[in-house]
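# Commentary on secondary and tertiary structure
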Amino acid sequence: MNNISFIVTDKCNIRCDFCAPECDPKYKEYLKSKDMIKIFSDLESQMEISLVVFTGGEPMLFKNEIIETIKYIKKISPKTNLRIVTNGFWASSFKSSKITITELISAGISELNISVDDFHQKYISEKNIKNIVFNAREFGLRVLLAHKSYPNSKSDKEYYENLLGSEITHIRESTKDNLSKETIFFSSGYTVPIGRGSKNINKEEWLPKNYTDQRWKGPCNEVLKSYTVSPDGSLMPCCGLVSRDLGVFYGSNVIENDTAKEMEKYCNSFLYNWLALEGPSGILNFVKQKDSSLMFSKYFVQNCQVCQELFSNETVLNIIYQNMDEISSKLSLARCLLDARRVTLLESI
Ligand code: SF4
Ligand code: SF4
């Protein structure tokens, strides 16, 4: 584990049609700076944390809590990267955007991720994006325009290049050289029909044009590596895009308990180790073998959607818990084979 995300709040000033956690202006709960500092300190005394992410909901609705936390982390762990993921609502004027960016930079922020796409731009003016980008360029703050598309998207990388009047480097083409020279990057991903996004739209309409089942098959590379804390302080063993009511993912409260100890419990859990070794597609195959009458979607946009479908199904959960012994011995064997392969690879170096 070397990074942690704080879902500062589920409150958002807007209601995007595709929002997986169904964020909404009605929520009130948020993580206070004292809680985020406590959680970071629990971890920092045990391990090096390379990245802390503040996300939501819209985390900038609680800007002061974030700034306090960033200042603390920067002081005790100067090498930790600090990222805020925001919809940019606060940048409606060039002047106010400049003030906020200066404030964030002097607190110690390393990067801003701005969510940009057809869904967000229904509510957030493109002028806000320009204000952030122009000010960030002036101050040398790295900005990632994090774009989500779907088959009929109007916007793409070119669309934002035209808006900004300049080329933007895609993050997958970033090199040491352009990372040190450029400040504005672009990333692209696909919307996932979970939460609000799954309600009104036929799931199969969301399939990417270049769909292959490699998008969701195989081990999960995030679980037990990237942890997330939700606004009520529950710890999640990955950064998955799943609903907040999926009990298997939202466990112990790390405002009240020691974060490192709670993480250790997750590391010993057969379920999360299973996800790490075989991914949700492995679990899907297992439960289908146990009960062939179970019906699942035929296609998935990505692997978190498989988790969402599996773990919101009571029958699936019963099958998993009734077969824990069989699964545990299967996992021990998979673990031994993995370790043996690693030893062979090391010996061949
Ligand atoms: S997708 Fe982001 S900006 Fe949109 S409602 Fe959800 S949290 Fe808010
Ligand atoms: S695939 Fe499942 S375990 Fe992996 S990040 Fe997504 S929700 Fe979490």
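Not measured: the values here are computed from a predicted model. (Residues numbered from 1 in each chain as written. Chains lettered and ligands numbered in written order. Predicted model: local features only at pLDDT ≥ 70, side-chain atom pairs only at ≥ 80, totals over all residues.)

## Comments concerning the nonpolar core
For the record, the criterion: Here, a nonpolar core means buried Ala, Val, Leu, Ile, Met, Phe, Trp, Tyr and Cys residues linked by C-beta atoms lying within 7 Å of one another. Neighbour counting defines burial: a residue surrounded by 20 or more other C-beta atoms within 10 Å of its own C-beta is buried, one with 12 or fewer is exposed, and intermediate counts give partly exposed, using backbone-placed C-beta atoms. Here a strand is any run of E in DSSP of at least two residues, a helix any run of H or I of at least four, and the numbering for each starts at the N terminus. For each domain, the first and last residues come from an automatic or database assignment. The contact criterion used is a C-beta to C-beta distance within 7 Å, with each C-beta placed from the backbone.
One finds F6, V8, L112, I132, V143 and V229 to be the most contacted residues of the largest nonpolar core, which totals 87 residues. A total of eight residues in this core trace back to one element, the largest contributor, which is helix α10 (residues 270–290). Domain assignment of the residues forming this core places at least three in each of domain 1 (3–149 + 151–190) and domain 2 (269–347). When near neighbours in sequence (up to four residues on either side) are disregarded, V8 contacts Y30, L31, F54, T55, G56, G57, P59, F62, E65, I66 and P231.

## Points about helix α1 (residues 33–44)
Put simply, the rule is: Given a helix with a known number of residues, its expected span is that number minus one, times 1.5 Å. Think of it as the arc spanned by the lines of direction from the helix axis to the C-beta atoms.
Compared with the 16 Å implied by 1.5 Å per residue over twelve residues, the 16 Å span of α1 between its first and last C-alpha is a close match. The complete set of buried residues in α1 reads M36, I39, F40 and L43. Take α1 and look down its axis: the buried residues cluster within an arc of 95°, on one side only. Looking at the packing, one finds that the buried side of α1 touches β1 (3–9), β2 (51–56), α2 (63–76), β8 (226–229) and α9 (259–267).

## With respect to the sheet that holds strand β3 (residues 81–86)
Quick note on the threshold: We call two strands paired when DSSP finds no fewer than two bridges between them. Axis definition: a line fit to C-alpha positions, over the contact stretch in the case of helices; interaxial angles, taken between N-to-C directions, run 0 to 180 degrees.
Spatial strand order, β6-β7-β5-β4-β3-β2-β1-β8-β9: nine strands in an open sheet with mixed pairing. Of all strands in the sheet, those with a lone pairing partner are β6 (169–170) and β9 (235–236), marking the two edges. In this sheet, strand β4 (residues 111–116) lies alongside β3 in parallel orientation, the contact comprising four bridges. Counted as the bridge partner of R83 is E111 from β4. Each of β1, β2 and β3 is contacted by α2, which is oriented at about 165° to β3, the strand it contacts most.

## Some details on the site of ligand 1
Heads up, the condition is: Placing a C-beta atom from the backbone of each residue, we mark the residue near a molecule or strand if the atom is within 6 Å of it. Classification used: nonpolar for Ala, Val, Leu, Ile, Met, Phe, Trp, Tyr, Cys and Pro, charged for Asp, Glu, Lys and Arg, polar for all others including Gly.
Surrounding ligand 1, one finds C12, I14, R15, C16, C19, C23, G56, G57, E58, N87, S115 and H120. Taken together, the residues of the shell around ligand 1 break down into five nonpolar, five polar and two charged.

## Describing the domain arrangement of the chain
As assigned here, the chain comprises domain 1 (3–149 + 151–190) and domain 2 (269–347). The centre of domain 1, based on its C-alpha atoms, is set 33 Å off from the matching centre of domain 2.

## Structural notes on unusual backbone geometry
Of note, the bond from G56 into G57 is cis; its omega dihedral lies within 30 degrees of zero at 20°. Mapping G57 onto the fold places it in the loop between β2 and α2. We note that E22 has phi near 55°; this positive angle belongs to a residue other than glycine. Locating E22 in the fold gives a position in the loop between β1 and α1. Given 18 C-beta atoms within a 10 Å radius, E22 is considered partly exposed.

## Section: the pairing of strand β7 (residues 184–190)
The following threshold applies: With the strands aimed away from the viewer, a crossover counts as right-handed if its path from the first strand over the helix to the second runs clockwise.
Here strand β5 (residues 142–149) runs beside β7; their pairing, made up of seven bridges, is parallel. In the sheet register, S149 faces β7, and the bridge partner there is Y190. Note that β6 and β7 share two bridges and pair parallel. Each residue of the ladder has a partner; that of T169, found in β7, is F185. Traced from β6 through helix α7 (residues 176–181) to β7, the parallel crossover comes out right-handed.

## Concerning helix α3 (residues 94–107)
Given a rise of 1.5 Å per residue, 14 residues ought to cover 20 Å, and the 20 Å separating the end C-alpha atoms of α3 matches this to within 8%. Three or more residues of α3 are buried, namely S97, T100, I101 and L104. Angular distribution of buried residues about the axis of α3 spans 100°; they occupy a single face of the element. Residues of α3 that are exposed and point over 90 degrees away from its buried face: K95 and S106. The secondary structure elements touched by the buried residues of α3 are α5 (126–139). Backbone geometry just after α3 places G108 at a positive phi near 125°.

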